[in-house]
Amino acid sequence: MVSVRALLRGLRAAPVPLALVAMIGLAGAVLGRVYAGPLLARLVLGAALGAVLVSVAARRLPSWLVAPLSVVAMAGWTAWSLRLTAARADLPGGLAEVTADAATNGIPRLLTAMIPVEPTPDTVLVPVVAAWLAGLAAAEVALRAGRVLLGYLPPVLLYAAALYVVGPNADPAIGSTLAFVAVAVLGLAVPAAGPATAGDDPAAGLAPAVRAAVRARLAAASAAGLAVVVALAALLGPLLAGQVDGRPVDPRRYVEPPQVETLDSSPLIRISGWALNPGQQLLDVRTDPSGTVPSSGPPSPAPEQEDAAGPDAGDRPAPIRLAVLSDYDGVTWRVGATYRNAGRILPSTVPAPDSTVRTVRQEITVAELSGRLLPAVATPREVTGARVAYDPSTGTLIRPEGLAPGLRYTVTSAVETPDFNLLSTADVPAGEEVARVLRVADGVPDPLRRLAEQLAESNGAPYARALAVEQFLAEHYRLVADAPSGHAYPNLNFFLFGPRNAGGQRGTSEQFAAAFAVLGRLTGLPTRVVVGFRTGGDGPVRAGDAYAWPEVLFTGLGWVPFDPLPRPDEEPRPVEEDFRPTPEDPPPSEVPEPTVEPTEPPAPVAAPGGRAGTGGPSTALLAGGGAGGTLLLVVAALVALLVLRRARSRAWLERGDPGQRIAGAWRVVTDALRLAGRPVGGDLAATEVAAHARRAVADARAGMSGAKAGVSGAGTGVSGAGTGVSGAGTGMSGPPPDPVPAGPVSAGAVLPGAGDLDARLVELAGLLNQVAFAPGTATEEQAARAVTTAGDYAAALRAARPWWRRVLWSVHPGPLRWPR
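As the structure is a computational prediction, the values presented were derived from the model and not from experiment.

Chemist: Explanation requested: the pairing of strand β1 (residues 281-287) in the structure shown.
Modeler: Strand residues, when the strand is regular, have side chains that alternate between the two faces of the sheet. Here β1 pairs with strand β15 (residues 539-542) via four bridges, running antiparallel. Paired with V285 across the strands is G539, a residue of β15. Where β1 and strand β5 (residues 356-366) come together, five bridges link them in antiparallel fashion. Looking across to β5, one finds that T287 is bridged to Q362.

As structure tokens, this is what we get:
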């Protein structure tokens, strides 16, 4: 009977520990969705089981002794986990070195690792330790202290942390969450071990009346607690339900991924330095024949397509890539990659249709190459022997710790070769997804732009444009090793159009690749520049093997390399034979930028059937062209003045706060008076100017109708606070105008005769005084009325002018230069 009773007691005590293990295991399953394979979930489940078992086995020991025993067991499980993952990832170094590195970099590498995350020591250490500690805390609180609900807190926090780390990188964990809640409810529903005793009733042993009162209070407290829970569920339920379809926050955006060094951000500038020291050994390459699968698939390219296909054409040895440069700001081509820590197996991409994929496995040993960029044949699929970070968009690698002489690693790559027979009809993509590789920085020299237009005008298809750029560079420029480094716009302009006797029209592969990429983007082609090394097979890779080449993105084919370098046995043709940059007259408002042009003008070309230098344009043609050009310049100047005048008016009337717009409306009125030949003096008050403006429009209307200068009812007498101005000497008589308010004008005030232009001019003068003496009190409504008044007055004054003055009114340059 004793053994049966102990067995029953053990069975009654099992649900809570099992619930704790299951809840922590579910947290590991949720986190394992962003890991490659089920290894992490199994390690977390093992940690949960070990932590709870240690607490159950040591429950009769003093509480202060349980934690040290559990920590010792945790150390053993963690060491075994790290050793297992290091062996699977084929990481070099002993257990102590691996453990120290994982402890130092565990959290940042977990948040910067590429998804799916490979289980390595640095990506499993934190989850395993957190799971063990959660199991220890939960078991001690729930089992030893008997606080089951409070003991659920560590597993709940661990589960929430797992959801946060996963973020938007996996599907919603609805099933796992429901299972987590169900397990927690089952753990609470099973009664605690031990027979029920009278001591379990808090009212036992009390008098009947007292016992009834205690039970009533307990019932009321339970009811109140239930009401609070229901209220919280009613309030928070809709909020939580609304977040089900929301996109979780990705914690990876708060952690900076591994970065390249300054030297690696633009390795294109290293080409010239390597070219001057061609014998320097940078790498040593050994190709594994057993890991190289020959290509088979689409037909071979045509001869001209094979020449244009660049370094990866056919079955020739694939070049080793160092970096892919996608960003150009007019000065430097830069690495635009975002690197994420990766494991041994790298993410694979779907090859383009009708392309050939061959596998290449190489063992690479670093000699004197520096930096963080890790060379590899495109596109790497597996790396062993080195910890790497990877950018899937470019297929390039870096070693966050930096390269070191003697570093040896093995790379298995999938070399993709498109079907070159489809190039002639292939299109190029467009839109936001490729805007980065289509962007042309400001400041393109005019000769460079005109050359791109010339190459594109007779080549409509994208491949034809790319081939035209490639052939133009290969036929007209010379490849040298001692050309200075640089690929900014001025450097490329000098490389393309500079005189040969001054060092122009010659350069390294840096200038050839950069010029192709810029010209390609100017013709609408998405381009980028790649820096790498030629390989003739196994053996050392030296600095002289470094070069750069451009690539063009074609729809359905991917990135296709081109080779704009000249052939060794061909003498370049003078650029002037095929491209003659003609000077263009700049617009009047622009100042042309100085450009480097050839110092020797091209020789005159003989006209058909005549001698060189004869058969020029006739005098009549020159005179007509000159007159037409002059007329065009005049029209352009008038249009520029019209645009500038309207821009100035919009700036006055539409921008700024109400006070600034009221002041701008006043400037429009005073400018209209000056254009009408009735300027106002700077010593007049606003009310005096308003009276002057009213007289000016009245005089102009009278002049247009043929009336005499004296107009009855023009309103000569103007009274205002402190002005004392009358219409004496004007030859006009009539009733005095409405007075201008001395104080601020209220937003809703309607002055006497507000519908009349004269009264509105008086109101505008009052608003100007309000802005000057009570700044910040003007309203939007007042500013709108002031803008309307200014426009109506300028239009009325302009309409009263002769037709030819109305034409010149809008293009008069005075308002642009008059002092304010």
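Chemist: Help me out: how do you make sense of the layout of surface pockets in this one?
Modeler: Regions of empty space are outlined by a rolling probe, equal in size to a water molecule, passed over the atoms. Estimates place the volume of the largest pocket at around 850 Å³. For the largest pocket, the lining is made up of 39 residues, of which T379, S393, R528, G558 and W559 are closest to its centre. Mapped by element, the contributors of at least two residues to the lining of the largest pocket are β2 (320-328), β9 (388-391), β11 (408-417), β16 (546-554) and β17 (558-561). Partitioned by chemical class, the residues of the lining of the largest pocket number 20 nonpolar, ten polar and nine charged.

Chemist: Can you walk me through the pattern of salt bridges in this structure?
Modeler: Think of it this way: side chains of opposite charge can pair up when their charged atoms draw near. Within this structure, the stated rule accounts for 22 salt bridges. Note that E401 is salt-bridged to R109, the shortest N-O span being 3.3 Å. On the criterion of sequence distance, the pair formed by E401 in the loop between β10 (396-398) and β11 and R109 in helix α5 (residues 95-112) is long-range, its members being 292 residues apart. Since its relative accessible area comes to 42%, E401 is described here as partly exposed. Taking the shortest distance from any N to any O, the salt bridge between R785 and E781 comes out at 3.4 Å. You can see R785 and its partner E781 sitting in helix α22 (residues 780-799), four residues apart, about one turn around the helix. Residue R785 is classed as partly exposed on the basis of its relative accessible area of 21%. Residue classification places E781 among the partly exposed residues on the basis of a relative accessible area of 44%.

Chemist: Sorry if this is basic, but what is going on with empty space enclosed by the protein here?
Modeler: Under the defined criterion, the tally for this structure stands at three cavities of 30 Å³ or more. Taken together, 20 residues form the lining of the largest cavity, with T120, A342, G343, R344 and R387 sitting closest to its centre. Among the secondary structure elements, those contributing two or more residues to the lining of the largest cavity are α6 (121-144), β4 (340-342) and β8 (380-384). Of the residues belonging to the lining of the largest cavity, the class tally is eight nonpolar, six polar and six charged.

Chemist: So what exactly am I meant to see when it comes to the packing of aromatic side chains here?
Modeler: To describe a pair of aromatic rings, one takes the distance between the centres and the angle between the planes. Inspection of every chain in the model, using the stated rule, returns 13 aromatic pairs. Ring geometry for Y328 versus W333: centroids 4.7 Å apart, planes at 20°, classification stacked.

Chemist: It is not clear to me how the packing of helix α19 (residues 658-675) against helix α21 (residues 757-773) should be interpreted in this structure. Could you clarify?
Modeler: When two helices pack together, you describe them by how their axes are tilted relative to each other and by the distance separating the axes. At a closest axis distance of 10 Å, the pairing of α19 and α21 adopts a crossing angle of 135°. Judged by the angle between their axes, α19 and α21 are oblique. In this structure, the crossing between α19 and α21 has a hand that is left-handed. Contacts between α19 and α21 pair G659, I662, A663, A665, W666 and V669 from the former with L764, A765, L767, L768 and V771 from the latter.

Chemist: What should I look at first to understand the sheet that holds β4 in this one?
Modeler: Strands in a sheet are paired, the pairing made by backbone hydrogen bonds, and the direction either parallel or antiparallel. Read from one edge of the open sheet, four strands run β4-β9-β10-β6, paired in antiparallel fashion. A single partner strand is all that each edge strand has here, and the edge strands are β4 and β6 (373-374).

Chemist: What exactly am I supposed to notice about the sheet that holds β8 here?
Modeler: One open sheet holds the five strands; their spatial order is β8-β11-β5-β1-β15, and the pairing between them is antiparallel. One side of each edge strand has no neighbouring strand; the edge strands of this open sheet are β8 and β15. With direction set aside, neighbouring strand axes in the sheet form an average angle of 30°.

Chemist: Help me understand the packing of helix α2 (residues 15-31) against helix α3 (residues 39-57), please; the structure alone is not making it clear to me.
Modeler: Running from amino to carboxyl end, α2 crosses α3 at an angle of 160°, the nearest separation of the two axes being 8 Å. Between α2 and α3, the angle is such that the two are roughly antiparallel. As for how α2 packs across α3, the hand of that crossing is right-handed. For the pair α2 and α3, the contacting residues are P17, L20, V21, I24, G25, G28, A29 and L31 in the first and L40, A41, V44, L45, A48, L49, V52 and V56 in the second. Split by residue class, the contact of α2 with α3 holds 14 nonpolar, two polar and no charged.

Chemist: Looking at this model, I keep getting lost on unusual backbone geometry. Mind explaining?
Modeler: With the exception of glycine, the majority of residues adopt a negative phi angle, and the majority of peptide bonds are in the trans configuration. In this chain, I115 is followed by P116 through a cis amide linkage whose omega measures 5°. Here P116 is to be found in the loop between α5 and α6. Here A378 and T379 are connected by a cis peptide whose omega angle stands at -5°. Along the chain, the position of T379 falls in the loop between β7 (376-377) and β8. In this structure, Q505 takes a positive phi of about 60° despite not being glycine. The topology assignment puts Q505 in the loop between α16 (489-497) and β13 (506-507). Looking at Q505, the relative accessible area reads 4%, which means it is buried.

Chemist: Please clarify how the environment of L675 should be interpreted in this entry.
Modeler: Along the chain, L675 falls in helix α19. Look at L675 and you get buried, because its relative accessible area is 15%. Placed 139 residues apart in sequence, L675 and G814 show a C-alpha to C-alpha distance of 8.0 Å. Discounting residues that sit within four places of it in the chain, L675 has contacts with R645, W809, H812, P815 and W818.

Chemist: Before we go on, may I ask you to explain a nonpolar patch on the surface in this structure?
Modeler: On the surface, a cluster of nonpolar side chains totalling about 300 Å² of accessible area is made up of L150, L153 and L157. Along the chain, L157 falls in helix α8 (residues 153-166). Given a relative accessible area of 53%, L157 falls into the exposed group.

Chemist: What should I look at first to understand the side chain of S509 in this one?
Modeler: Structurally, the position occupied by S509 is in helix α17 (residues 509-522). A relative accessible area of 5% places S509 in the buried class. There is a polar contact of 3.1 Å between the side chain of S509 and the backbone nitrogen of A548. Residues in contact with S509, not counting those within four places in the same chain, are I271, L479, Y547, A548 and L565.

Procedures and definitions
Residues numbered from 1 in each chain as written. Predicted model: local features only at pLDDT ≥ 70, side-chain atom pairs only at ≥ 80, totals over all residues. Heavy atoms only, no water. Pairing = 2+ DSSP bridges. Helix = DSSP H or I, 4+ residues; strand = E, 2+ residues; numbered from the N terminus. 1 Å grid on protein atoms, 1.4 Å probe; cavity = no way out; pocket = protein on both sides within 12 Å on 5 of 7 lines; lining within 4 Å. Points joined across faces, edges and corners; volume = space filled by probe spheres on them. Nonpolar A, V, L, I, M, F, W, Y, C, P; charged D, E, K, R; others polar. Salt bridge = Lys/Arg side-chain N within 4 Å of Asp/Glu carboxyl O. Buried < 20%, exposed > 50% of the residue type's maximum accessible area, 1.4 Å probe, protein only. Phe/Tyr/Trp six-rings, centres within 6.5 Å; stacked < 30°, edge-to-face > 60°. Axes fitted to C-alpha atoms, helices over the stretch in contact; angles between N-to-C directions. Parallel < 35°, antiparallel > 145°, perpendicular 65-115°, else oblique. Left-handed = near helix turned anticlockwise from the far one by under 90°. Contact = heavy atoms within 4.5 Å. Patch = residues over 30% accessible without salt bridge, like charges linked within 9 Å, V, L, I, M, F, W, Y side chains within 5 Å. Areas by Shrake-Rupley, 256 points an atom, 1.4 Å probe, with all protein chains shown as cover. Polar contact = N/O pair within 3.5 Å; in protein donor to acceptor, adjacent residues only side chain to side chain.

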